[in-house]
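Now for the letters of each chain:
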Amino acid sequence: MAIVRTIHGDVDPSTLGVVNAHDHLIRVGAGEVYIDPDHLLDDEDKAVEEAGYFVDASKRFAPTATIVDMCPASSGRGVLKLKRVVERVPDLQVIQATGFHQQKVYLEWRQSWVNQYTVNEIADLLIADIVEGVDANDYMGPLVKRTDVRAGVIKWATAYGKITDWEVKTGKAVAIASKETGAPVNTHVTAGTCGPEQARFLIEQGVAPEKIAIGHIQRNWDPWIQEQITKLGAYVELDGTNRIKYVPDNARVNLLKVLGEKGYGKQILLGTDSGKASYQKAYGSVSGIDYDPAVFCPRLIDDEGFDPDYVQDLLVNNAATFFAFEPLAD
């Protein structure tokens, strides 16, 4: 029977409600915070506030809500803090990621454990996150202390315009972990590059296309690029809503129209990726993690003429399908 693995255990996919397929509630440190301190999200009270906005906005579309926290291994996961946050927000579930960010956020990557371990050894650590429990020390080592929080999705990320040798190695480990556990892979592309290449790489490594979602791919606004991914049977994950420093939201509206007209509406996930303090309401922003159910999807229905059933797929149904898996290694 298919389940979704959340921070508080395995649940029926139908209980997820509105899903933000890529976001960040807690990040306690590590390389990305070193590069830009705006990525630090270590305040539990603010995380509770931010998650509450998301749940409240989601009530128009479903009685519950789920956030996929896409902070992967050795990237600032604070799973015990995150678990406490979820316990304080009624009607909220959270899926915790394992896997890897892109090479550059690991700073002195030459001495990282990824460089020192074999692909199979790396895969074993990812598998343990999924079937045993995420390390309380986030694999910052050397000691590993398993928690009762099990990961329910695997992240893989690549650089701008290329997949480095380090990222090929992590990608192979991610693929093994997905095949051994059944868990889906949700990726990060940098500035819209390497999306089709990521999908083809994972498929060549034996990951089922329907277990793959290519994240942030809306940063390449060419519908043809999106179609190269969906034609393979994989999902596209569109996020960054209200990030008008890149492009206004009408570009995302048009992209959803084109993909829907081409018949790919059930292969689309939505997220906001509000992974900086300056992107969240609780820290003072005018928009935040709630933007899709609060602003963007009401706009699609009320002002853009979208079929409400299509919007329900985007917010609820597609994610319930994608994040569900048959546990293979428990």
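Our subject in this report is the structure included herewith.

The helix and strand tally for the chain stands at 11 helices and 10 strands. For the chain, the C-alpha radius of gyration of 18 Å lies close to 20 Å, the compact-globule estimate for 330 residues. Buried residues in the chain amount to 61% of all 330 residues. Looking at the chain as shown, the accessible area adds up to about 12,400 Å², and 51% of this sits on carbon and sulfur atoms. Seen as two clouds, the 33 positive and the 47 negative side-chain charges of the chain have centres 3 Å apart.

For the rest of this paragraph, the subject is empty space enclosed by the protein. Unoccupied space between atoms shows up once a probe the size of one water molecule is rolled over them. By the definition in use, this model includes 1 cavity of 30 Å³ or more. Taken as a whole, the largest cavity encloses approximately 30 Å³ of empty space. Around the largest cavity, the lining residues are Val 18, Val 19, Asn 20, Phe 54, Leu 270, Thr 272, Ile 289, Asp 292, Pro 293 and Leu 315. Elements that contribute at least two residues to the lining of the largest cavity include exactly strand E3 (18-23) and helix H10 (291-302). By residue number, the principal contributor to the lining of the largest cavity is E3, which donates 3 residues.

Among the 5 residues that make up strand E6 (residues 153-157), 5 are buried, leaving the element largely enclosed by the rest of the structure. Residues of E6 alternate between two faces, with Val 153, Lys 155 and Ala 157 on one and Ile 154 and Trp 156 on the opposite face, all of them buried. Relative to E6, strand E5 (residues 92-99) runs parallel, the two being bridged by 3 bridges. Bridge assignment links Ala 97 to a residue of E6, and that residue is Val 153. Alignment of E6 against strand E7 (residues 185-188), held across 4 bridges, turns out to be parallel. Note on E7: the bridge partner recorded for Lys 155 is Asn 186.

On to the sheet that holds strand E4 (residues 65-69). One open sheet holds the 8 strands; their spatial order is E3-E4-E5-E6-E7-E8-E9-E10, and the pairing between them is parallel. Every interior strand has two partners, whereas the edge strands, E3 and strand E10 (268-270), have only one. Taken pair by pair, the neighbouring strands of this sheet meet at an average axis angle of 25 degrees, ignoring direction. Contacting E6 and E7, helix H6 (residues 165-181) crosses the sheet at an angle of about 160 degrees to E6.

With that out of the way, let us pick up the side chain of Gln 93. The residue Gln 93 is located in strand E5 in this model. Given the relative accessible area of 18%, Gln 93 is considered buried. Setting aside anything within four residues of it in sequence, one finds Gln 93 in contact with Thr 6, Val 11, Thr 15, Leu 16, Ala 65, Thr 66, Ile 67 and Val 86.

Counting residues in hydrophobic clusters, the biggest one holds 80 residues, and the most contacted among them are Phe 100, Leu 256, Ile 268 and Leu 300. Looking at which element gives the most residues to this core, the answer is helix H5 (residues 119-131), with 8 residues. Sequence-distant contacts of Phe 100, defined by excluding residues within four places in its chain, comprise Pro 72, Tyr 106, Trp 113, Val 114, Ile 122, Leu 126, Lys 155, Trp 156, Ala 157, Trp 166, Thr 170 and Val 174. Ranked by size, the runner-up nonpolar core spans 17 residues in total, among them Val 19, Met 70, Tyr 235 and Leu 269.

What counts and how
Chains are numbered independently. Their residues run from 1 in the order of the written sequence. Local features in this predicted model are restricted to residues whose pLDDT is 70 or higher, and side-chain atom pairs enter the listing and the counts only when it is 80 or higher, whereas totals over whole chains, interfaces and linings include all residues. Think of the side-chain values as coming from all heavy atoms in the structure, minus any hydrogens and water. Numbering of helices and strands runs from the N terminus; a helix is a DSSP stretch of H or I covering at least four residues, while a strand is a stretch of E covering at least two. For this measure, only C-alpha atoms enter the radius of gyration; the expected value for a globule follows 2.2 Å times N^0.38, where N is the number of residues. Three exposure classes are used, based on accessible area relative to the maximum for each residue type with a 1.4 Å probe and protein chains only: buried under 20%, partly exposed in between, and exposed over 50%. Residue-level accessible areas treat just the shown protein chains as cover; the underlying method is Shrake-Rupley with a 1.4 Å probe. Charge counting treats Lys and Arg as positive and Asp and Glu as negative, with His and both chain ends excluded. In this description, the location of a charge corresponds to atom NZ of lysine, CZ of arginine, CG of aspartate or CD of glutamate. Using protein atoms alone on a 1 Å grid, points that fit a 1.4 Å probe yet trap it form a cavity, whereas open point sets bounded by protein on both sides within 12 Å along at least five of seven lines form a pocket; residues with an atom within 4 Å of a point count as lining. Grid points are joined across faces, edges and corners, and a volume is the space filled by probe spheres set on the points. Between any two strands, at least two bridges found by DSSP are needed for them to pair. Note on geometry: axes are lines fitted to C-alpha atoms, helical ones only across the stretch in contact, with angles between N-to-C directions running from 0 to 180 degrees. Contact definition: two residues touch when any of their heavy atoms are within 4.5 Å. Residues grouped as a nonpolar core are buried Ala, Val, Leu, Ile, Met, Phe, Trp, Tyr and Cys residues, joined through side-chain atoms within 4.5 Å.

Take it as geometry only, folks, not as evidence of what the structure does.
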